[in-house]
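Chain by chain, the residues:
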Amino acid sequence: MRNTVIIVVVLVMVVAVLASCGVDGAPQRPVEKPLQQQMGVTVSGDARFGVSAEL
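Predicted model only: the values in this text are computed from it and were never measured.

> I'd like to hear about the overall build of the protein chain, residue by residue, with values.
Within the protein chain, the regular secondary structure consists of 2 helices and 0 strands. Out of the 55 residues belonging to the protein chain, those deemed buried represent 0%. Just so you have it, the protein chain exposes about 6300 Å², and 62% of that area is on carbon and sulfur atoms.

What follows is the structure in structure tokens.
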């Protein structure tokens, strides 16, 4: 019984590894952005401060 469980686990792992290889095709190099878009600093967000009290 123990051998059967080990064999099933190994087969499931082999199938999972083989299924994940090349799912979306061959690897592709990332597209480089133009130099102007790579440079610079962008800051965005929201900030609030203050005191609030009910009288």
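> Quick rundown of a nonpolar patch on the surface? Include the residues and the values.
A cluster of nonpolar residues, Met1, Val5, Val9 and Met13, forms a patch on the protein surface that exposes about 450 Å² of accessible area. With respect to the secondary-structure elements, Met13 resides in helix H1 (residues 2–20).

Thresholds, definitions, all that
- Residues numbered from 1 in each chain as written.
- Predicted model: local features only at pLDDT ≥ 70, side-chain atom pairs only at ≥ 80, totals over all residues.
- Heavy atoms only, no water.
- Helix = DSSP H or I, 4+ residues; strand = E, 2+ residues; numbered from the N terminus.
- Buried < 20%, exposed > 50% of the residue type's maximum accessible area, 1.4 Å probe, protein only.
- Areas by Shrake-Rupley, 256 points an atom, 1.4 Å probe, with all protein chains shown as cover.
- Patch = residues over 30% accessible without salt bridge, like charges linked within 9 Å, V, L, I, M, F, W, Y side chains within 5 Å.
- Salt bridge = Lys/Arg side-chain N within 4 Å of Asp/Glu carboxyl O.

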